[in-house]
Number of protein chains: 2
Amino acid sequence: MTDRPGPSGEDSLIARYFKPLAIDPGAFGLVDDAAVLKARGEDIVVTTDAIVEGVHFLPDDPPDTVARKALRVNLSDLAAKGATTAGFVLTLALRRADDAWLSAFARGLGEDARTFDCPLLGGDTVSTPGPLTVSITAFGRVPAGRMVPRSGARPGDRVMVTGTIGDAAVGLDILTGGPAASALASDAAARDMLIGRYRVPQPRNGLAEAIRTHASGAMDVSDGLAGDLTKLCAASDVSAVIEVPRIPISAAAQGVLAQRAVDIEALISGGDDYEILCTVPDISCAALSAAAAQAGIALTAIGTVIAGSDAPRFLDKEGRELPLARRSYSHF
Amino acid sequence: MTDRPGPSGEDSLIARYFKPLAIDPGAFGLVDDAAVLKARGEDIVVTTDAIVEGVHFLPDDPPDTVARKALRVNLSDLAAKGATTAGFVLTLALRRADDAWLSAFARGLGEDARTFDCPLLGGDTVSTPGPLTVSITAFGRVPAGRMVPRSGARPGDRVMVTGTIGDAAVGLDILTGGPAASALASDAAARDMLIGRYRVPQPRNGLAEAIRTHASGAMDVSDGLAGDLTKLCAASDVSAVIEVPRIPISAAAQGVLAQRAVDIEALISGGDDYEILCTVPDISCAALSAAAAQAGIALTAIGTVIAGSDAPRFLDKEGRELPLARRSYSHF
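Criteria and cut-off values
- Residues numbered from 1 in each chain as written.
- Chains lettered and ligands numbered in written order.
- Predicted model: local features only at pLDDT ≥ 70, side-chain atom pairs only at ≥ 80, totals over all residues.
- Helix = DSSP H or I, 4+ residues; strand = E, 2+ residues; numbered from the N terminus.
- Rg over C-alpha atoms; globule rule 2.2 N^0.38 Å.
- Buried ≥ 20, exposed ≤ 12 C-beta atoms within 10 Å, placed from the backbone.
- Expected span 1.5 Å × (residues − 1).
- Pairing = 2+ DSSP bridges.
- Axes fitted to C-alpha atoms, helices over the stretch in contact; angles between N-to-C directions.
- Contact = placed C-beta atoms within 7 Å.
- Least-squares fit on C-alpha atoms with pLDDT ≥ 70 in both.
- Parallel < 35°, antiparallel > 145°, perpendicular 65-115°, else oblique.
- Nonpolar A, V, L, I, M, F, W, Y, C, P; charged D, E, K, R; others polar.
- Domains from an automatic or database assignment.

What follows covers the overall build of chain A. Looking only at helices and strands, one finds 11 helices and 11 strands in chain A. Since a compact globule built from 332 residues should have a radius of gyration of about 20 Å, the 21 Å found for chain A is in line with a globular shape. A principal-axis box enclosing the C-alpha atoms of chain A has dimensions of 80 × 50 × 35 Å. Every one of the 332 residues in chain A was classed for burial, and the buried ones make up 59%.

Another point: helix H2 (residues 63-80) of chain B. All names here are of chain B. Between the first and last C-alpha of H2 there are 26 Å, a value that for 18 residues agrees with the 26 Å anticipated at 1.5 Å per step. Among the 18 residues of H2, 17 are classified as buried, and the element is accordingly described as predominantly covered. Note on H2: the residue one or two positions beyond its end, Gly82, has a positive phi of about 75 degrees.

Let's shift gears to the sheet that holds strand E3 (residues 84-94) of chain A. The strand order across the open sheet built from 5 strands is E4(A)-E3(A)-E5(A)-E2(A)-E1(B), with neighbouring strands paired in mixed fashion. Of all the strands in the sheet, the pair left with one neighbour each is strand E4 (120-127) of chain A together with strand E1 (35-37) of chain B. Taken pair by pair, the neighbouring strands of this sheet meet at an average axis angle of 20 degrees, ignoring direction. Sheet analysis places E3 of chain A next to strand E5 (residues 133-142) of chain A, joined by 9 bridges and oriented antiparallel. Each bridged residue has a counterpart across the sheet, and for Gly87 of chain A the counterpart in E5 of chain A is Phe139 of chain A.

What follows concerns the interface of chain B and chain A. By convention, interface size is frequently given as the accessible area that disappears when the constituent parts associate. Every contact between the two is made by 68 residues of chain B and, on the other side, 68 residues of chain A. At 9 residues, the largest contribution of residues to the side of chain B that touches chain A is made by strand E2 (residues 43-52) of chain B. Here 3 bridges tie strand E2 (residues 43-52) of chain A to E1 of chain B, and the two strands are oriented antiparallel to one another. Among the inter-strand pairings, Val46 of chain A is bridged to a residue of E1 of chain B, identified as Ala35 of chain B.

Now for the relation of the copies chain B and chain A. When chain B is fitted to chain A, the best match, at an RMSD of 0.0 Å, comes from turning it 180 degrees and sliding it 0.0 Å along the axis. What we have between these two chains is a two-fold relation. Taking the C-alpha atom as reference, chain B places Gly130 of chain B closest to the rotation axis, 2.1 Å from it. An overlap of 100% is found between the interface residues of chain B and their copies at the interface of chain A, pointing to a shared contact surface.

With that out of the way, let us pick up the packing of helix H1 (residues 9-18) of chain A against helix H3 (residues 99-115) of chain A. Helix packing for two helices is described by the angle between their axes and how far apart those axes are. Residue and element names in this part refer to chain A. Running from N to C, H1 and H3 point in directions that differ by 45 degrees, and their axes come no closer than 9 Å. The orientation of H1 relative to H3 falls into the category oblique. On H3, the residues touching Leu13, Tyr17 and Phe18 of H1 are Leu102, Ser103 and Ala106. A per-class count over the contact of H1 with H3 returns 5 nonpolar, 1 polar and no charged.

To continue, consider the sheet that holds strand E5 (residues 133-142) of chain B. Across the sheet, which stays open at both edges, the 5 strands sit in the order E1(A)-E2(B)-E5(B)-E3(B)-E4(B) with mixed pairing between neighbours. Looking at which strands have only one partner, the edges of the open sheet turn out to be strand E1 (35-37) of chain A together with strand E4 (120-127) of chain B. On average, adjacent strands in this sheet sit at an angle of 20 degrees to one another, irrespective of strand direction. Relative to E4 of chain B, strand E3 (residues 84-94) of chain B is paired through 7 bridges, and the arrangement is parallel. Within E4 of chain B, the position partnered with Phe88 of chain B by the bridge is Leu120 of chain B.

Here we take up the environment of Arg212 of chain A. Residues and elements named next belong to chain A. Checked against the element boundaries, Arg212 lands in helix H7 (residues 208-214). In the structure, Arg212 is positioned 49 residues away from Ala261 in sequence and 38 Å away in space, judged by C-alpha atoms. Other than its neighbours up to four places away in sequence, Arg212 contacts Gly82, Val142, Arg146 and Val148.

For the rest of this paragraph, the subject is the environment of Met193 of chain B. The topology assignment puts Met193 of chain B in helix H6 (residues 188-199). In sequence terms Met193 of chain B and Val241 of chain B are 48 residues apart; their C-alpha atoms lie 30 Å from each other.

All names here are of chain A. Even without glycine at this site, Arg260 takes up a positive phi of about 55 degrees. By the element assignment, Arg260 lies in the loop between helix H9 (251-258) and helix H10 (264-269). The exposure class of Arg260 is exposed, given the 9 C-beta atoms found within 10 Å.

A word on the domain arrangement of chain A. Residues and elements named next belong to chain A. For chain A, the assigned domains are domain 1 (9-142) and domain 2 (150-315). On a C-alpha basis, the centres of domain 1 and domain 2 stand 26 Å from each other. Taken together, the contact pairs 20 residues of domain 1 with 18 residues of domain 2. The element that contributes the greatest number of residues to the side of domain 1 that touches domain 2 is helix H2 (residues 63-80), accounting for 11 residues. A per-class count over the side of domain 1 that touches domain 2 returns 9 nonpolar, 5 polar and 6 charged.

Glancing now at the environment of Met219 of chain B. Secondary-structure assignment places Met219 of chain B in strand E7 (residues 217-221). Once the C-alpha coordinates of Met219 of chain B and Ala79 of chain B are considered, the two residues, 140 residues apart in sequence, prove to be 8.6 Å apart. Not counting residues within four places of it along the chain, the set of residues in contact with Met219 of chain B comprises Asp33 of chain A together with Ala80, Arg150, Asp228, Leu232 and Leu277 of chain B.

Residues and elements named next belong to chain B. Extensive coverage of helix H4 (residues 167-175) is indicated by the burial of 8 of its 9 residues. Taken together, the buried positions of H4 are occupied by Asp167, Ala168, Ala169, Val170, Gly171, Leu172, Asp173 and Ile174. Positioned one or two residues after H4, Gly177 has a phi angle of 70 degrees, which is positive.

Structure (structure tokens):
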């Protein structure tokens, strides 16, 4: 028997849905004010990304995919930086505490936390009159001084990307009733695949260690390949030439392209790919490709880093430069 | 000369307002996807807290106080955990990029980052159709295994608090036109002091090391003294008896109490104090008090930890138990 008063609505929400996820000893079962991350001599890599209802996900996206996307956009940064996952903290701004929604959200989050070996360490749950907002700060580890920077690309390096580019942009077009929706009206499998790529990114954490070993520079593609490569080149003070026909495009997105429902520019300047974009010295390309093959992750060379300060050029199969009006997504 | 395209609105916003704050080498000038926190063998203490317009601050609060509050509610957790500050990451969800607002916000944030020796390491800026939301994850350091937990209180320990309790609750009452506003209609200095306590908490980071050395358990008072002490007792599996007349109340709040515009229950169950609540073995009380005096921080013994599982009791000057209908603020 105890006379302790019951937990507040907020504490009870945390205990019910999130405590089961807090399996790391540094999380203290979510009953303390802070978490502890053991350092063990490595550098701690820190990344933070928020997703907002109506901006980064749609109001009727399933709650478990919202959770997975919120975590995975952060895991994707850790992968690109060559870091192994160490844990994350979550801030959830909710309009109301809806049991069915929270239960599905927590289930998706817990499954991904296990899959990617990235335990929940702590968090904050607040009420908001506005859109649901999920803000995650994720932690990874690298040996001291070994985080793969944006700034390491050197002339002569190969430009490589994982997976396929542009699927999520087409998926969003389908979800919002754009031209791709009609183009794929009779192909449910392609629609589902592309929508899935928008809702649930596939961060390439299985390649993190190989990226750390072999890449000179890297970042994840979150705001569009063209814009993100432009940022990487600027940080490295180099330029690049990309052969557009080499950019890996999924069969589903190829189908939409063939029907001219979207154009290639939309795919390479769309966002939400969450693939790794990296630059790799020639001597390391074979080893990185072998590691990718072993991890079951597609890795494609799409161009070359060159000296200069021009924005990277994207060349079509005739060698003509693709005009890119908008290279990436920007919030403002 | 360069042909690099100009940065996007988002990148330019970050470069203009926040890059000047990113003075730590681990922040990479905010041009990378992640930050690096050097570990040096200590534990990294991680805390995360968000503040939402209309919930944790008012829409017309000055932007620099919004920034300070967002950072300080996190610094307060680090202080209570006995951690020295190491840095923070910021997620800012904005309706629009308003230069005057952002410039004042960044100035306040930068000043506090310097004052508390807690540099900006990274962040994310996103657009939202909803209320302005500032989410911060802050990092501190403690020697391995030395974070001060909620769970360390033992029967016989003294219960102590820094500063004064209830000022922020009265300040919010004034700002929202409650009874305290009329009670202090002719006392601008008291009104300003109490409003200041709501808008700009005074985290006690100067006492962090002494808390780590002398306290058995600690947390910051964010949701109300009564409720937070109840949580600390539950985490420690103890109870406590508090002598209400010993709870430190500022002269300004005393004035409002004397006019019966608010009652003592409102002060001890209101939120936003951001003082340290700690339990201290008898043998360490004098040393902690001396450290507080040296740091210029008021520290008051208000009661005693006892064995048991009852909720802590709050006794008035006749030894009668104060009935507390609501012990703390809860979002849900």
